[in-house]
Amino acid sequence: MRRDKRPYDIGRLKTPRFPRGECTLTFYQEGKRHRLRLGTDNEAEAERRAPALYAEALRPTGTSVRELWDAYCRDKKGNPSVAIMAHQWKALAPWFGDMNAEDIRIADCRAYTAARRERGIKDGTIITELGRIRTVLNWAVKHSLIEKAPHIERPREVKSATGHLTLQQVRALANACTAPHLKLFVWLAYATAGRAGAILDLTWDRCDFERNKIDLENPEIQVAHKGRAVVPMNRSIKLRLLAAREGARSEYVIEWAKQKVGSVKKGLASAAKAAGLPHVHPHMLRHSAAVRQAEEGVSMEEIASYLGHSNLNVTRRIYARFSPEALSKGANALEFDDLEPSEVRRSA
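Throughout what follows, the structure given in this document is the object of discussion. (Residues numbered from 1 in each chain as written. Predicted model: local features only at pLDDT ≥ 70, side-chain atom pairs only at ≥ 80, totals over all residues. Heavy atoms only, no water.)

### Some words on the overall build of the protein
Here is the rule: Elements are defined by DSSP. Helices are runs of H or I of four residues or more, strands are runs of E of two residues or more, and each kind is numbered from the N terminus. Atoms considered for the radius of gyration are the C-alpha atoms alone. The globule rule reads 2.2 Å times the number of residues to the power 0.38. Note that accessible areas follow from Shrake-Rupley with a 1.4 Å probe, and for residues the cover is restricted to the protein chains shown.
Regarding its fold elements, the protein presents 15 helices and eight strands. What you see for the protein is a C-alpha radius of gyration of 27 Å, clearly larger than the 20 Å of a compact globule of 348 residues, by over 25%. Seen along its three principal axes, the alpha-carbon backbone of the protein occupies a region of about 105 × 55 × 40 Å. Summed over all atoms, the accessible surface of the protein reaches about 21400 Å², with 49% contributed by carbon and sulfur.

### A short note on the pattern of salt bridges
How we decide: Each reported salt bridge corresponds to a side-chain nitrogen of Lys or Arg within 4 Å of a carboxyl oxygen of Asp or Glu. The cut-offs for exposure are 20% and 50% of the maximum accessible area for each residue type, with area from a 1.4 Å probe on protein chains only; residues under the lower value are buried, those over the upper are exposed, and the others partly exposed.
Scanning all chains against the criterion turns up 12 salt bridges. For the salt bridge of Arg117 with Asp123, the shortest nitrogen-to-oxygen distance reads 2.8 Å. Taking the relative accessible area as the measure of exposure, Arg117 reaches 44% and is therefore partly exposed. One salt bridge in this structure joins Arg316 and Glu301, with 3.4 Å as the shortest N-O distance. Taken together, the residues span a long stretch of sequence, with Arg316 in helix H13 (residues 312–319) and Glu301 in helix H12 (residues 300–307) at a distance of 15 residues.

### Some details on the nonpolar core
Note the following rule: Only buried residues count toward a nonpolar core, which is a set of Ala, Val, Leu, Ile, Met, Phe, Trp, Tyr and Cys residues joined through side-chain atoms within 4.5 Å. In this analysis, two residues are considered to be in contact whenever any of their non-hydrogen atoms come within 4.5 Å of each other.
With 51 residues, the main nonpolar core has Leu173, Phe185, Leu188, Leu241, Val253, Ile254 and Leu285 as its most contacted residues. Looking at this core, the element that brings in the most residues is helix H7 (residues 180–192), giving nine residues. When sequence neighbours within four positions are dropped, the list of residues in contact with Leu285 reads Leu165, Val170, Leu173, Phe185, Val186, Ala189, Tyr190 and Leu268. Judged by nonpolar contacts, the second largest core, of 28 residues, contains Leu68, Ala91, Ala93 and Phe96.

### Observations concerning the packing of H7 against helix H11 (residues 282–295)
A pair of packed helices is captured by two measures, namely the crossing angle of their axes and the spacing between those axes. Short version of the rule: Helix axes use the C-alpha atoms of the stretch in contact, all axes being lines fitted to C-alpha atoms, and the angles between their N-to-C directions lie in the range 0 to 180 degrees. Roughly parallel means an angle under 35 degrees; roughly antiparallel means over 145; roughly perpendicular covers 65 to 115; every other angle is labelled oblique. Left-handed describes a crossing whose near helix is turned anticlockwise from the far helix through less than a right angle; right-handed describes the clockwise counterpart.
Contact geometry for H7 and H11: axes closest at 8 Å, N-to-C directions at 40°. On the basis of their axis angle, the class for H7 and H11 is oblique. In this structure, the crossing between H7 and H11 has a hand that is right-handed. Contact with H7, carried on its side by Phe185, Val186, Ala189 and Tyr190, involves Pro282, Leu285, Ser288, Ala289 and Arg292 of H11 and no other residues of that element.

### Observations regarding the sheet that holds strand E5 (residues 213–215)
Note the threshold: Paired strands, in this sense, are two strands between which DSSP finds at least two bridges.
Across the sheet, three strands lie side by side as E4-E5-E6; this open sheet has antiparallel pairing. The sheet is open, and its two edges are formed by strand E4 (207–208) and strand E6 (230–232), each paired on a single side. Where E5 lies against E6, three bridges are found, and the strand directions are antiparallel. By the bridge assignment for E6, Ile214 is matched with Val231.

### What about the sheet that holds strand E2 (residues 22–29)?
Ordered by their spatial adjacency, three strands build an open sheet running E1-E2-E3, and the pairing between neighbours is antiparallel. Looking at strand neighbours, the two that pair on one side only are strand E1 (9–13) and strand E3 (32–37), the edges of this open sheet. The mean angle between the axes of side-by-side strands here comes to 35°, regardless of whether they run parallel or antiparallel. Pairing geometry for E2 and E3, over six bridges, is antiparallel. Bridge pairing links Phe27 to His34 in E3. Where helix H1 (residues 43–57) meets the sheet, its contacts fall on E1, E2 and E3, and the angle it forms with E2 comes to roughly 35°.

### A short note on the side chain of Arg132
To be explicit about the condition: We score Asp and Glu as negative and Lys and Arg as positive, and we do not count His or the chain ends.
Along the chain, the position of Arg132 falls in helix H5 (residues 123–142). Despite its burial, Arg132 pairs with no opposite charge; the closest candidate is Glu129, at 9.3 Å N-O. The contacts of Arg132, once residues within four sequence positions are left out, are Trp69, Ser81, Ile84, Met85 and Gln88.

### Description of the environment of Met233
In this structure, Met233 sits in the loop between E6 and helix H9 (235–246). In the structure, Met233 is positioned 43 residues away from Gly276 in sequence and 30 Å away in space, judged by C-alpha atoms. Those residues within four positions of Met233 in sequence are excluded, and the remaining contacts are Cys207, Asp208, Phe209, Asn212, Lys213, Ile214, Lys238 and Leu241.

Honestly, that's just the spatial picture; any functional story needs more than this.
Shown next as structure tokens:
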């Protein structure tokens, strides 16, 4: 009685109490097989009982950070962030893994921060790592695994240094790309304002050349993730995509040697250096596209839809200042209309 994408099986085990066979729940954890009785021979009732029994079976018996971390990852299995957490845990585990979750103190967080800084790790990364601990502990409170989550002190938030490129700089960057897939990525990321992951996930079947639409939403991602939009296919990117499709050797728009490309960070950095530009990372193209739209007077609502933002206030906070109308009413309200002739001559 296997169901797709379910982490367990429901089978039967013949027992004196249930001649037809008692329904059982079977699952694997760390390579070990576990089988639990469901106390019924009715399949529908077994289906009803199974999720709660499975959750209880995976409930951590202790309250160490390691146990809670593992439980959180099992609960969020399939979420893209879980894969990233595996790398972050390598740094966090030696410091917090064996600690009782409720025993973490501010001093522990500060010691971790100091040690990471000594290794040359930037505060932005440390903020994210300690933020993961906080997320796990807050989750543990909600699931009644611990009574209270301790305060996790992190370095003060660093102001984003994300710059943006002008259209001329984007063109220079693209021209400096020696690999065709990298050049196409630059133009596609700028034309769609899409996230790097969405661009690299894009397949040809989601490029609608008849309706001039590009669907950045990956249907294979079933868990909650940052918004991805369906955006118009403008004339210039359509021509570039049509040319690329003629030589396509896989289902992915951005491909190399018939394979999906995993990352373009190093390639962009090299191209930026060759073009005489400051360091460029993939997200800068998305940011640059939104800035250009704002500078051209595109409404914040439309920019938000283009970016896949669910909260319009986020769009306004980041991009409203680039609009030609930003603060214009305030400036006009402070206008003087009684300038002396001499002042007019000097300003001219």
